[in-house]
Amino acid sequence: ISSQPEKPFPTRVENVKRLKSGEVFDVFVVGGGATGAGIAMEAQLRGLSVACVEQEDFASGTSSKSTKLLWAGSRYLVKGLCKFFSPASLWNPKGAWDEFTGTWNMVMGCFRERGYMLDMCPHLTNWVPIAVPLDKWFVWPPPFGYPPAALGPATGLYVFFFKFYDALSNWSAPGSYVMSASRAKEEFPQMDTQRMKYVCVFYEGAHNDARTNLSIAFTAAAHGACIANYVEVRRILFDDSGVACGAEVLDRSEPGSKPFEVRAKKVIYAGGPFTDGLREISEGKDIKPVVNGSGGTHIVLPPYYCPRHLGMVDMMTSRGSFLFFLPWEGYTLVGTTDVKTKPDLHHEVPEDEIQYLINECEKYLSPKLQVRRRDVMSAWYGIRPLALDPNAKDQSSASRDHVVSHHPSNGITFVSGGKWTTWREMAEDAVEQVLERDQALAAKSGPSKSLETPLVGTGRTEFFPEGWHESLAVQLSQQCDLAYDVAQHLIRNYGTRAREVLGYAEEGSVKGSRSGLYKHYPRLYEGAAATTGYPYLEAEVRYAVANEYAVAPADILARRTRLAFLNSTAALLTLPRVVEIMGDCLGW
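Everything quoted here is computed from the prediction, not taken from an experiment.

Conventions adopted
Along each chain, the written sequence defines residue order, and numbers are assigned to residues from 1. In keeping with the model being predicted, local features are shown solely for residues with a pLDDT of at least 70 and side-chain atom pairs are shown and tallied solely at 80 or more, while totals for entire chains, interfaces and linings include all residues. Based on all heavy atoms of the structure, the side-chain values leave hydrogens and waters out of the count. For Phe, Tyr and Trp, rings pair up if their centres lie within 6.5 Å, where Trp contributes its six-membered ring, and each pair is then called stacked (planes under 30 degrees apart), edge-to-face (over 60) or tilted (otherwise). Helix and strand assignments follow DSSP, with helices taken as H or I runs no shorter than four residues and strands as E runs no shorter than two, numbered in order from the N terminus. Relative accessibility thresholds used throughout: buried, under 20% of the residue-type maximum; exposed, over 50%; partly exposed, between the two (1.4 Å probe, protein chains only). Two limits define a charge over a ring: the Lys NZ or Arg CZ must be within 6 Å of the ring centre, and within 35 degrees of the ring normal. Polar contacts here mean pairs of N or O atoms no more than 3.5 Å apart (in protein, one a potential hydrogen donor and the other a potential acceptor; neighbouring residues in sequence count only if both atoms are side-chain atoms). What makes two residues a contact is simply this: any of their non-hydrogen atoms within 4.5 Å. Every helix has an expected span of 1.5 Å times one less than the residues it contains. The predictor attaches a confidence to each residue, called pLDDT, with possible values from 0 through 100. Simply put, an axis is a line fit to the C-alpha atoms, just over the touching stretch for a helix, and the angle between two N-to-C directions goes from 0 to 180 degrees. Handedness of a helix crossing follows the sense of rotation of the near helix relative to the far helix, less than a right angle counterclockwise being left-handed and clockwise being right-handed. Put simply, a salt bridge is a Lys or Arg side-chain nitrogen that is within 4 Å of an Asp or Glu carboxyl oxygen. Arc definition: directions from the helix axis to the C-beta atoms. Strand pairing follows a simple DSSP-based rule, namely that at least 2 bridges must link the two strands.

Draft legend 1. Quick peek at the packing of aromatic side chains. Under the defined criterion, the tally for this structure stands at 32 aromatic pairs. Arranged with centres 6.1 Å apart and planes meeting at 45 degrees, the rings of Phe58 and Tyr549 form a pair that is tilted. Of this pair, Phe58 sits in the loop between strand 2 (50–54) and strand 3 (69–70) while Tyr549 sits in the loop between helix 16 (538–547) and helix 17 (553–560), and the two are 491 residues apart along the sequence. Here the two residues Phe58 and Tyr549 agree in accessibility, since each one is buried. Arranged with centres 5.9 Å apart and planes meeting at 25 degrees, the rings of Phe161 and Tyr165 form a pair that is stacked. Residue Phe161 and its partner Tyr165 are located together in helix 6 (residues 157–168), separated by four residues, close to a single helical turn. Of the two residues examined, Phe161 and Tyr165, each falls in the buried class. Directly above the ring of Trp328 sits Lys68, whose terminal nitrogen or CZ lies 5.0 Å from the centroid. Between the NZ or CZ atom of Arg211 and the centre of the ring of Tyr494, over which it lies, the distance is 4.5 Å.

See below:
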């Protein structure tokens, strides 16, 4: 993955200028979340010319508000197996087999996509071990409503399942294992290990979702896609036969700017849970909604609630869903809930859902630990799309996977549903289906190359001529006399481009540290002393404005860095300084 040089990509200003140039693109993508940016990357890699616009910032919707896992679908697999081996399957064996094979194929696709992310994008991802505490030998009511599972702890059924889960990934993940209660007390001292029989541990992938989304968008741009945030679609353009041929858009970053037209041969909506709002633009207000929202609340707690090297999951909460308790960005992430909701880009976090998470996460923690409301440092509410295909004959159930739908008259395609892990698979499927319906584009297009294309940050650069490697953070720390926590942060977010970020430090601002061991680059939030706080640098603000399409302070605090997601109070305290730096860069 590090054999190729790191590709530069155009600035946002250059891309907006290109959008205004009158160029007719092969594909016009509406939506800059993980799926929309993924479609732009997929189509561009195939040799098509692509424009992609996002009305706010990349990942400002669902794609930045996930549980931060790249998981292969253990819950879907368990539920599929339980349902397949239930007595009800005997009444309709063919239907049961068809349903199970559908679930199996979806899960195997998740394994493939998880492997792609962990192998090809190592700077953005990592493996996280997740503990499954078992405090009873006999569980009733049985998990997933499957009576034999009640004996799972006593029979070792859960241990067998996780080994089977390891095997499905072709042993590419670290192997699952079992901890005794005494070992669990050492590894996870916050857990109430006195009542545990034993603890299973399995591995899933984890990532910083907003940074991953940005990397997908910048990878698309590096390969030639014309992609821009804060460009809003005002109306869809149609040719004489009623087929969509572009859009009228507005650059929202410039006060007083005027709408302009972008022409394209094919229009694709990738709005996630907000797809019906896009459909209203082209089909009118009287459309039948086909995308329902499932709201998920997450909270962030201080680091001392969870070890830095081990997470935990409750596979059967009081609501019957999963609840993860994970180390993330140095803090403790708890989530998620699963509540039906209407799609809303800026949904407030329900207080009762925060309290529910607080109550649930105490279930397996030591009684000596009391999770308090004031311990909640930040909270967010993400909306997952559950989609139907309005142009399909069978409307029986919302898809657990994803839906690609093609309007029969206006030619617009939309893709929705799915999960973070399968962003690339969704993009490939959407582009493939578009090409099946357009012979001219198919003749121009080559085969899919996305599965063998790493995201930006792994290639060779002037400062890292060998490309990405496991010791890159150490190398950066030594090269620049940089505090190791800052070096780790920069490598995990920028990969081999990390050294360029330091070049945006304000002249004369880099001082020696109090210890004299390293240079001190000004941080966005120092905390009580210059040696504490978060690893985010003021230089990142300047770099983000110049190179990463940052337009508003929220772009910095919520997505280029994750300070707002880790500590909302610290983000508010930092806001004036961010505005000051951005003002200097943008001439405010």
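Draft legend 2. Molecular detail of the side chain of Thr67. Mapped onto the elements, Thr67 comes out in the loop between strand 2 and strand 3. Judged by its relative accessible area of 15%, Thr67 is buried. Separated by 2.8 Å, the side chains of Thr67 and His298 make a polar contact. Ignoring sequence-local partners within four residues, the contact set of Thr67 consists of His298, Phe324, Leu326, Leu333, Gly335 and Thr336.

Draft legend 3. Examining helix 2 (residues 34–45) more closely. In this model, helix 2 (12 residues) spans 16 Å end to end at C-alpha, consistent with the 16 Å of a helix rising 1.5 Å per residue. The buried fraction of helix 2 is high, at 12 of 12 residues. Along helix 2, the residues classified as buried are Ala34, Thr35, Gly36, Ala37, Gly38, Ile39, Ala40, Met41, Glu42, Ala43, Gln44 and Leu45. Gly47 sits one or two positions beyond helix 2 and adopts a positive phi of about 105 degrees.

Draft legend 4. Just the confidence of the model for the protein chain, in detail. Summarising the model, the protein chain shows a mean pLDDT of 92, and 97% of its residues fall at 70 or more. Considering only residues more than four positions removed or in separate chains, one finds that residues 394–399, a stretch of pLDDT under 50, has nine contacts.

Draft legend 5. Expanded view of the packing of helix 3 (residues 74–84) against helix 6. Orientation of helix 3 relative to helix 6, taken along the N-to-C sense of each, is 115 degrees, at an axis distance of 12 Å. Considering how the two elements wind past one another, helix 3 and helix 6 form a crossing that is right-handed. Together, Ser74, Leu77, Val78 and Leu81 of helix 3 and Phe161, Phe164, Tyr165 and Leu168 of helix 6 make up the contact between the two elements.

Draft legend 6. View of the pattern of salt bridges. All chains considered together, the criterion is met by 43 salt bridges. Of the charged contacts in the structure, one is a salt bridge between Lys83 and Glu99, with a shortest N-O distance of 2.9 Å. Of this pair, Lys83 sits in helix 3 while Glu99 sits in helix 4 (residues 93–120), placing them 16 residues apart in sequence. Accessibility expressed as a relative area gives 37% for Glu99, which makes it partly exposed. For Arg542, the salt bridge is made with Glu506, and the minimal N-O distance between the two is 3.5 Å. Placement of the pair is Arg542 in helix 16 and Glu506 in the loop between helix 15 (498–502) and strand 19 (511–512), with a sequence separation of 36 residues. Take Arg542: its relative accessible area is 15%, and that puts it in the buried class. Take Glu506: its relative accessible area is 41%, and that puts it in the partly exposed class. Shared partners join several salt bridges into a network, and the residues in it are Arg112, Glu113, Arg424, Glu425 and Glu428.

Draft legend 7. Summary view of helix 9 (residues 275–283). Here helix 9 has its buried residues at Thr275, Asp276, Leu278, Arg279 and Ser282. For helix 9, the angular spread of buried residues about the axis comes to 155 degrees, placing them on one side. Contacts made by the buried residues of helix 9 are with strand 1 (24–30), strand 8 (231–238), strand 10 (260–269), strand 11 (291–301) and strand 18 (413–417). Just past helix 9, the residue Gly284 takes up positive phi, approximately 100 degrees.

Draft legend 8. Just the environment of Arg75, in detail. Residue position: Arg75 is located in helix 3. Taking the C-alpha atoms as reference points, Arg75 and Phe322, 247 residues apart in sequence, are found 8.2 Å from one another. Every residue in contact with Arg75, bar those within four places of it in the chain, is listed here: Phe144, Gly320, Ser321 and Phe322.

Draft legend 9. Representation of the pairing of strand 1. Among the seven residues of strand 1, six are classified as buried, and the element is accordingly described as predominantly covered. Across six bridges, strand 1 lies against strand 10 in parallel orientation. Bridging from a neighbouring strand, Val30 pairs with Tyr269 of strand 10. Note: strand 1 against strand 2, four bridges, orientation parallel.

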